[in-house]
Each structure stands twice: as C-alpha cells, then as structure tokens.
Amino acid sequence: MKKIFLSAVIAMALCSYGYAQDEEEYEEEEAPAQVTKAPAYEEEEEEEEAAPAPKKEKKKEKKSSGNQGFFGIGLDLTGAFSNDPAINFAFRLNDNMILSAIFGLQHRGETTVNANGTETGMEDDATTLSVGAAFDFIVVRNFLPFSIGGEFVYNSLPDEDNTESNSEIDFGVMAGVHGEIIPNLVLSGKAGLGFVYAFGDAAGGGADYSRMDFGIAYKVYLTWFAF
C-alpha cells in the first residue's frame, strides 16, 4: 500500500513539473516582439531635407582700376605739331586722380657757312628745356571720363639778339575728356584758360624785362599706361 501511494505522489510531481515547463515555453512564445528604434540619423536627414536651403549672399562688385595701369608715358601732340615736343610721365594715383610730370628738350645746332673755303659759325645754336607738372581730377564717368585740372610748366628759351636769357612760366586751368582707344591707350583733349609769364635779361647790360600774357589754351595728349 505504501509503495502504491509513493508511486502516485511521484507521478503527480512529475506531471506538475512537466506542466510548469509547458507554461514557460508557451509564455516565451507568446511574448511580444521588441520594437527596435530607428537610428537617429534618419530623423536628422529628414530634418535637413525639410530645412530651406540658405540663400547665397551676392558679393558686391568692387570698383577697381582692373587692367588699368598705374604708370603711363604720354606725348603732347599739340607741342609735337608746333615743333615744341614734350613727353609726360603719368601716374594714376587712384580711379579719379592722375598726376603727370612734364619734360621737354630740344636742341638746335649751330649753322655754319662755307664761303670761299672758309667755314664760319653763325652762333645760332639754342636749347629749349621744359619741366613741369599737371594733374587731372575725373569728376564724371557716364559716357567719357570728364576731368578738371591744371598745368604748371617752366620753359628755358633760347637767347635772342637783344636778350641774354629768356624764360617763361606757363600755367593754366583746363577741363578735358579722356577716351580709351584700345586697352590702356588713352587720348585726352583739354581746353581752358592759360597764362604765360615771360621774363629775362636784356643784352648789353640793359634792364630786365617781364610781361604777362593770357588767353585760350588747349592740349591733346596720347598716353599709354604700360605698367
């Protein structure tokens, strides 16, 4: 009897153990699947796509001289046509200001006369020297650059029969226009009021002399800004 009762208890214990295992397996199967969270970088990408593209700021174009040169060499065409040549060394200080140095030199040789095999010098050799400065301030650039400016030139002139020294000081106020024929080659025409102060020493110990002349003056320059 005891053996039968013991066998029944062991059998019930085994049945309850097997039932407990079945429940655990069932619960594991019934457990809901874990939700995996999407990576954060996907949300960031969507936010970046939704954000409006930043506007590009327009760069302000700065006015500059560009390919305009700083140093130029010019020729005084009016002086060249009147047998009084001079050259200018122009310096472009900025877009609106040009400063020029003026230099002119002309030497006339002595005339010799051959009479009966004898050469005689006429002592008529002469040298003309001009040194000065000019400036042009450009005030308008709508169609052609328009400028106002002035010139100051000292001229050492040849002696005449009744003088031992001759000199002139030319100065004037002029307005002009400047046109670029080809890149860096500028043709300038200027006109205004000019003054000439002439002075010197008379020959033979005579008195000094001086006089002031004034009138309309004009100049035409051709300048090449090389550097």
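Residues numbered from 1 in each chain as written. Predicted model: local features only at pLDDT ≥ 70, side-chain atom pairs only at ≥ 80, totals over all residues. Heavy atoms only, no water.

What about the overall build of the protein chain?
- The helix and strand inventory of the protein chain stands at 3 helices and 10 strands.
- Residue burial in the protein chain is summarised as follows: out of 227 residues, 22% are buried.
- Summing over all exposed atoms, the protein chain offers an accessible surface of approximately 17,400 Å²; the carbon and sulfur share of this is 60%. (Helix = DSSP H or I, 4+ residues; strand = E, 2+ residues; numbered from the N terminus. Buried < 20%, exposed > 50% of the residue type's maximum accessible area, 1.4 Å probe, protein only. Areas by Shrake-Rupley, 256 points an atom, 1.4 Å probe, with all protein chains shown as cover.)

Here's the deal with the side chain of S188
- If you trace the backbone, S188 turns up in strand 9 (residues 185–202).
- Other than its neighbours up to four places away in sequence, S188 contacts V177, H178, K219, V220 and Y221. (Contact = heavy atoms within 4.5 Å.)

Focus: the sheet that holds strand 10 (residues 208–225)
- Spatial strand order, 1-2-3-6-7-8-9-10: 8 strands in a closed barrel with antiparallel pairing. Going across the sheet, the axis of each strand differs from the next one's by a mean of 25°, ignoring polarity.
- Pairing of strand 6 (residues 126–140) with strand 7 (residues 146–157), which is carried by 11 bridges, proceeds in the antiparallel orientation. By the bridge assignment for strand 7, V131 is matched with Y154. (Pairing = 2+ DSSP bridges. Axes fitted to C-alpha atoms, helices over the stretch in contact; angles between N-to-C directions.)

Notes on the pattern of salt bridges
- A complete count under the given rule lists 4 salt bridges for this structure.
- Measuring nitrogen to oxygen at the nearest pair gives 3.5 Å for the salt bridge that ties K219 to D76. A residue pair is termed long-range when its members are at least 10 positions apart, and K219 in strand 10 and D76 in strand 1 (residues 71–76) qualify at 143 residues.
- One salt bridge connects D136 with K190, and the closest N-O pair in it is separated by 3.3 Å. Of this pair, D136 sits in strand 6 while K190 sits in strand 9, and the two are 54 residues apart along the sequence.
- The exposure class of K190 is buried, given its relative accessible area of 7%.
- A single salt-bridge network, built from bridges that share partners, covers D136, E151 and K190. (Salt bridge = Lys/Arg side-chain N within 4 Å of Asp/Glu carboxyl O.)

Quick look at the confidence of the model for the protein chain
- When the pLDDT values of the protein chain are averaged, the result is 78; 68% of them are 70 or greater.
- Taken together, the stretch residues 57–66 has pLDDT below 50 and engages in 3 contacts with residues farther than four places along the chain or on a different chain. (pLDDT = per-residue confidence, 0-100.)

What to know about the environment of R92
- Residue position: R92 is located in strand 2 (residues 87–92).
- By relative accessible area, R92 is classed as buried at 11%.
- In this structure the C-alpha to C-alpha distance between R92 and F70, which are 22 residues apart in sequence, comes to 4.9 Å.
- Residues contacting R92, with those up to four places away along its chain left out, are Q68, G69, F70, M97, I98 and F225.

Topic: the packing of aromatic side chains
- Counted according to the given criterion, the structure contains 7 aromatic pairs.
- Measuring from ring centre to ring centre gives 6.4 Å for F71 and F89, while their planes differ by 15°; the resulting arrangement is stacked. Within this pair, whereas F71 is found in strand 1, its partner F89 is found in strand 2, the two being separated by 18 residues in sequence.
- Judged by relative accessible area, F71 falls into the buried class, the value being 18%. (Phe/Tyr/Trp six-rings, centres within 6.5 Å; stacked < 30°, edge-to-face > 60°.)

So, unusual backbone geometry
- Unlike most non-glycine residues, N116 shows phi in positive territory, near 55°.
- Tracing the backbone through its elements, the reader meets N116 in the loop between strand 4 (112–115) and strand 5 (118–121).
- The exposure class assigned to N116 is exposed, which follows from its relative accessible area of 85%.
- Backbone geometry at N184 places phi at a positive 75°, although glycine is not the residue there.
- Inspection of the secondary structure puts N184 in the loop between strand 8 (163–182) and strand 9.

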